[in-house]
Amino acid sequence: MPPSPCAPEEVRRVACVGAGVIGGGWVAHFLARGYDVTAWDPAPDAEEKLRRLVDAAWPALERIGLADGASPDRLTVAATAEEAVADAQFVQESAPEKLELKRSLLARLDAAAPAGVVIASSTSGYPMTDMQTEAADPGRLVVGHPFNPPYLIPLVEVVGGKQTDAAAVEWASRFYKVAGKSVITMERELPGFIANRLQEALWREALHMVANGEATVKEIDDSITEGPGLRWAFMGPCLTFALAGGEGGMGHMLDHFGPSLKSPWTRLEAPELDDTLRAAMVDGCDEAAGGRTIAQLVAERDQGVIDVLRATGRLPRQRTEGTDGIAHNSSTMGDEK
């Protein structure tokens, strides 16, 4: 892979190949960040649908703040994939999840894009090693896995394949950060990556419970939105569990609750909680805490839950005393006219 023609901070033109829900979401995100975007999709009505998607997303993007010069008018729809990437400084591919299609399309984009330009795939599960097999320059191909809608959900998981150059992974990670994303740069490939594997575990257990008549769909959804989901919005499952150990943190939690891993609480087989795994979890939580004490984490968690409950309208409106000495109902969010 030749050196990238520009630094991530210098990118001005992005190509989005595939303009469905995910690809269109990427288009909206890049436009909101002030980039010129050229898109292509083979569907005959792709441009009409894409512009409708951008128009629908724009009010939300305005609410969270647009970059200087951001405008839907900076979108161009190309007639071919080759035209879309001809002068691109970064390429985001978002074709359907069909391995042979991904292979052939990435090879096609590799042949048409300027030398050294990084090409990222939005694949939700395929390892890049399996997708880069037909490309002449597989070194510049990376995974850039987003979450729907890409213009609102910050996370993107970045990882290369066996033939990907480390420089391409580093460049893509930097570019996504510059473009306003929250980036996890994975050290190794993993089918489904990180977040999808966690989602899939929860999803499969939910299907088991419904299939066996053990819980209804509403009960399952409510168990998350009214329970752990409130914490997961700002504190992941590992730190959340660490707080269950009180002042002893993750170590005490594992020692106290570790035996429950063998309880029939899930259809998934639990790993053996040996000393190596225990140490990895304890050390990982210490690193994630970033120097914050258990008391500080508890306070952060409690305030976060309050903020989420207020933001979603699940706390009563606060009562404040006005200048006239009379108690008035108020909201932390304010009233939208």
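None of these values were measured; they are calculated from a predicted model. (Residues numbered from 1 in each chain as written. Predicted model: local features only at pLDDT ≥ 70, side-chain atom pairs only at ≥ 80, totals over all residues. Heavy atoms only, no water.)

Q: Residues and numbers for the UniProt feature "binding site: NAD(+)" (unreviewed entry) in the protein chain, please.
A: On the UniProt side, "binding site: NAD(+)" (unreviewed entry) is annotated at positions that read G18, A19, G20, V21, I22 and G23 here. Topologically, G18 is positioned in the loop between β1 (13–17) and α1 (21–32). Excluding residues within four positions of it along the chain, G18 makes contact with G23, G24, W40, D41 and S94. Setting aside its immediate chain neighbours within four residues, G23 contacts G18 and S94. (UniProt positions renumbered as here; feature names shortened; annotations may be inferred. Helix = DSSP H or I, 4+ residues; strand = E, 2+ residues; numbered from the N terminus. Contact = heavy atoms within 4.5 Å.)

Q: How would you explain the UniProt feature "domain: 3-hydroxyacyl-CoA dehydrogenase NAD binding" (unreviewed entry) in the protein chain if you had to name every residue and give the values?
A: Feature annotation in UniProt places "domain: 3-hydroxyacyl-CoA dehydrogenase NAD binding" (unreviewed entry) on residues 14–186, given in this structure's numbering. Along residues 14–186 the backbone is 39% helical and 20% strand, and the end-to-end C-alpha distance reaches 23 Å.

Q: Can you explain the nonpolar core? Please cite residues and give values.
A: Within the largest apolar cluster, 36 residues are counted, with the highest numbers of intra-cluster contacts made by V27, F30, F90, F175 and Y176. For this core, the elements supplying multiple residues, two or more each, are β1, α1, β2 (36–40), α2 (46–64), β7 (155–160) and α6 (166–178). Of all hydrophobic cores here, the second largest spans 24 residues; its members include V85, A88, M131 and A135. (Core = buried A, V, L, I, M, F, W, Y, C linked by side-chain atoms within 4.5 Å. Buried < 20%, exposed > 50% of the residue type's maximum accessible area, 1.4 Å probe, protein only.)

Q: Describe unusual backbone geometry, naming the residues involved and giving the relevant values.
A: Of note, the amide linkage connecting N148 to P149 takes the cis form, showing an omega dihedral of -5°. Counting through the fold element by element, P149 comes out in the loop between β6 (141–146) and β7. One non-glycine residue, F193, lies in positive phi territory at about 60°.

Q: Any chance you could break down the pattern of salt bridges for me, citing the residues and the numbers?
A: All told, the structure shown has 18 salt bridges when counted by the stated rule. A salt bridge links K102 to E93; the shortest N-O distance between them is 2.6 Å. With respect to class, K102 is no different from E93; both count as buried. The closest approach of N and O atoms between R292 and E300, which form a salt bridge, is 2.7 Å. Residue E300 is classed as partly exposed on the basis of its relative accessible area, which comes to 32%. (Salt bridge = Lys/Arg side-chain N within 4 Å of Asp/Glu carboxyl O.)

Q: Please give an account of the pairing of strand β4 (residues 90–93) that cites residues and values.
A: Covered by surrounding structure in β4 are F90 and Q92 together with V91 and E93, the residues of both alternating faces. As paired elements, β1 and β4 share four bridges and run parallel to each other. In the strand pairing of β4, V17 is matched with E93. Bridge count between β4 and strand β5 (residues 119–121): three bridges; the pairing is parallel. Directly across from V91, in β5, lies its bridge partner I119. The parallel pair β4 and β5, bridged by helix α4 (residues 99–112), forms a crossover whose chirality is right-handed. (Pairing = 2+ DSSP bridges. Right-handed = clockwise from strand over helix to strand, strands pointing away.)

Q: Which residues make up helix α13 (residues 294–311), and what values do they have?
A: The end-to-end C-alpha distance of α13, which contains 18 residues, comes to 25 Å, matching closely the 26 Å that a straight helix rising 1.5 Å per residue would cover. Among all positions of α13, only L297, G304, V305, V308 and L309 are buried. With its buried residues spanning 130° around the axis, α13 presents them on a single face. Once α13 ends, the next one or two residues include G313, with phi positive near 75°. (Expected span 1.5 Å × (residues − 1). Arc of directions from axis to C-beta.)

Q: So what's going on with the packing of helix α11 (residues 249–257) against helix α12 (residues 275–289)? Which residues, and what values?
A: Contact pair α11 / α12: the axes reach a minimum separation of 8 Å and the direction vectors enclose 145°. As for the relative orientation of α11 and α12, their crossing is right-handed in sense. Two secondary-structure elements touch here, α11 through M250, G251, L254 and D255 and α12 through R278, M281, V282 and C285. A per-class count over the contact of α11 with α12 returns five nonpolar, one polar and two charged. (Axes fitted to C-alpha atoms, helices over the stretch in contact; angles between N-to-C directions. Left-handed = near helix turned anticlockwise from the far one by under 90°. Nonpolar A, V, L, I, M, F, W, Y, C, P; charged D, E, K, R; others polar.)

Q: So what's going on with a nonpolar patch on the surface? Which residues, and what values?
A: A surface patch of nonpolar side chains, about 310 Å² in accessible area, is lined by I184, L190, I194 and L198. Summarising the element assignment, L190 is placed in the loop between β8 (182–185) and α7 (195–211). (Patch = residues over 30% accessible without salt bridge, like charges linked within 9 Å, V, L, I, M, F, W, Y side chains within 5 Å. Areas by Shrake-Rupley, 256 points an atom, 1.4 Å probe, with all protein chains shown as cover.)

Q: Account for the state of the cysteines, with residues named and values stated.
A: A full pass over the atoms with the stated rule returns zero disulfides. Among the cysteines around C285, which has no disulfide bond, C238 carries the closest sulfur, lying 5.4 Å off. (Disulfide = S-S within 2.5 Å.)

Q: Before we move on, could you go through the environment of R301 and cite the residues and values that matter?
A: Among the structural elements, R301 can be located in helix α13. Exposure remark for R301: the relative accessible area of 22% places this residue in the partly exposed category. The sequence separation of R301 and L230 amounts to 71 residues, and the corresponding C-alpha distance is 9.6 Å. Dropping the residues within four chain positions of it, R301 is found in contact with R231, F234, M235 and L243.

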